[in-house]
Amino acid sequence: ALIDSLGDILVRDTSVEILAGFGPQVVEPLIKSLTHDVESVRIHAMKTLAILGDNRAVPALLKSLHNPKPQMREAAAMALGQFHDDAAIQGLAEAITDKDAAVREAAVLSLGESGHPMAIEPLTIVLRESQQQVLKSVAVKALGEMGSIEGLEALIETYEKGDVRRDLVLKAMGKIGDGRAVPILVDGLKDSTPIIHDAARDAMGMLNESAVEPLIDCLSHENAVVRTAIAENLGRLGDPAAIEPLMKHFIDPDSNVQSYAAESVGKLADEKTIRKLASLLKDQKRDLRWCAAWALWHSGSPQAVEPLMGALKDKDARVREVAVIGLRATRDPRALQPLMGCLRDKDGDVRKSAV
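To start, this report covers the structure provided alongside it. It should be emphasised that the depicted structure is a prediction, and the values quoted were computed from it without experimental measurement. (Residues numbered from 1 in each chain as written. Predicted model: local features only at pLDDT ≥ 70, side-chain atom pairs only at ≥ 80, totals over all residues. Heavy atoms only, no water.)

Further remarks concern the packing of aromatic side chains. For the structure on display, the rule yields two aromatic pairs. With centroids separated by 4.7 Å and ring planes inclined at 35°, the aromatic side chains of Trp290 and Trp294 adopt a geometry described as tilted. A residue pair is termed a helical-turn pair when its members lie 3 or 4 positions apart in one helix, as Trp290 and Trp294 do in helix α19 (residues 286–299) at four residues. Take Trp290 and Trp294: they sit in the same class, and that class is buried. Ring geometry for Trp294 against Trp297: centres 4.9 Å apart, planes inclined by 65°, an arrangement best described as edge-to-face. One end of the pair, Trp294, and the other, Trp297, are both in helix α19, three residues apart, so they sit about a helical turn from each other. One aromatic cluster in this structure is built from Trp290, Trp294 and Trp297. (Phe/Tyr/Trp six-rings, centres within 6.5 Å; stacked < 30°, edge-to-face > 60°. Helix = DSSP H or I, 4+ residues; strand = E, 2+ residues; numbered from the N terminus. Buried < 20%, exposed > 50% of the residue type's maximum accessible area, 1.4 Å probe, protein only.)

Below, the structure is given as structure tokens:
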């Protein structure tokens, strides 16, 4: 009765949910229903089988991939992506050349959703050989969802050819997270088109530890926007190898680069770095002192308290203000009296921060 109700537009979604709740015992009846007289029953039976994910359904679904009706082939393709089965992936790989566009798209989507290693090759073939832009865009998204570095080379080629929306390719690269994408993301960051720039920035924020060295190599890029994004993400990745390269940008001509470089150094700082930052608070260059105070603030280290208290007497108001903010963040009671002294500072911003 529940299987028959899959043909009723008012209740079929609820019937799918209930049938799936029965578990393995409904797999065989659902497989038999793939020959039901009502097309809607067959389609929603496939959806229920996909939810159950029982590989006993794969042969019947593969057979449905050759049904004369494209709606049936599309439903079968959508369902097969939920089965971690070699035969299902092979069937979907064949379906990417189906004569119906909706079936081809469903097959590519399912290959991506499957997460199966065998799906990577047919998806890269779509990128390299297909002349259909929609299908290539779906393949890009699918490779990104899989997050496998094996698909990265094809994505890089696709970006360079420019035959798929570049923001989609950048987002897919970000989801993979591998450092080999860094040069492409840098190219995207330089783009004046907001959608491209934003996609590259977001993708860079998803890179993993493999990107540390490539990011360091690009840290001295001529474009300040690129340097800023790299400085920010090196702190996120947590590799102390970035500390020295970042500290070189304490005197960067761009203030955004300075602040992100200092913040990242603070996040990465060990005891040795804290001592070095403390010594920079005595440097003649104001930018170095300001960045050192900024880094000490973001380190959150108890060792930063005394150097920051000393910076409350710096001749530059910006340095004093950062020192106040940094001490506030520590909540260390040793800073209370020095901060009260800042209530009489000649600079209004310093006094406000002290309050």
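Our focus in this paragraph is the pattern of salt bridges. The full count for this structure, using the stated rule, is 22 salt bridges. As a salt-bridge pair, Glu157 and Arg128 come within 3.0 Å of each other at their nearest N and O atoms. Residue Glu157 is located in helix α10 (residues 152–161), and its partner Arg128 is located in helix α8 (residues 120–129); the two are separated by 29 residues in the primary sequence. Owing to a relative accessible area of 38%, Arg128 belongs among the partly exposed residues under this scheme. Salt-bridge contacts for Arg334 lead to Glu306; the nearest nitrogen and oxygen are separated by 3.5 Å. Pair noted here: Arg334 is in the loop between α21 (317–330) and α22 (336–341) and Glu306 is in helix α20 (residues 305–311), with a separation of 28 residues, a long-range link. For Arg334, a relative accessible area of 41% gives the class partly exposed. Since its relative accessible area comes to 53%, Glu306 is described here as exposed. A network of salt bridges, in which partner residues are shared, links Glu28, Asp54 and Arg56. (Salt bridge = Lys/Arg side-chain N within 4 Å of Asp/Glu carboxyl O.)

Leu152, Ala154, Leu155, Ile156, Thr158 and Tyr159 are the residues of α10 that are buried. Buried positions along α10 lie against α8, α9 (133–146), α11 (166–176) and α12 (182–190). Taken from the residues just after α10, Gly162 is the one with a positive phi, measuring 75°. (Contact = heavy atoms within 4.5 Å.)

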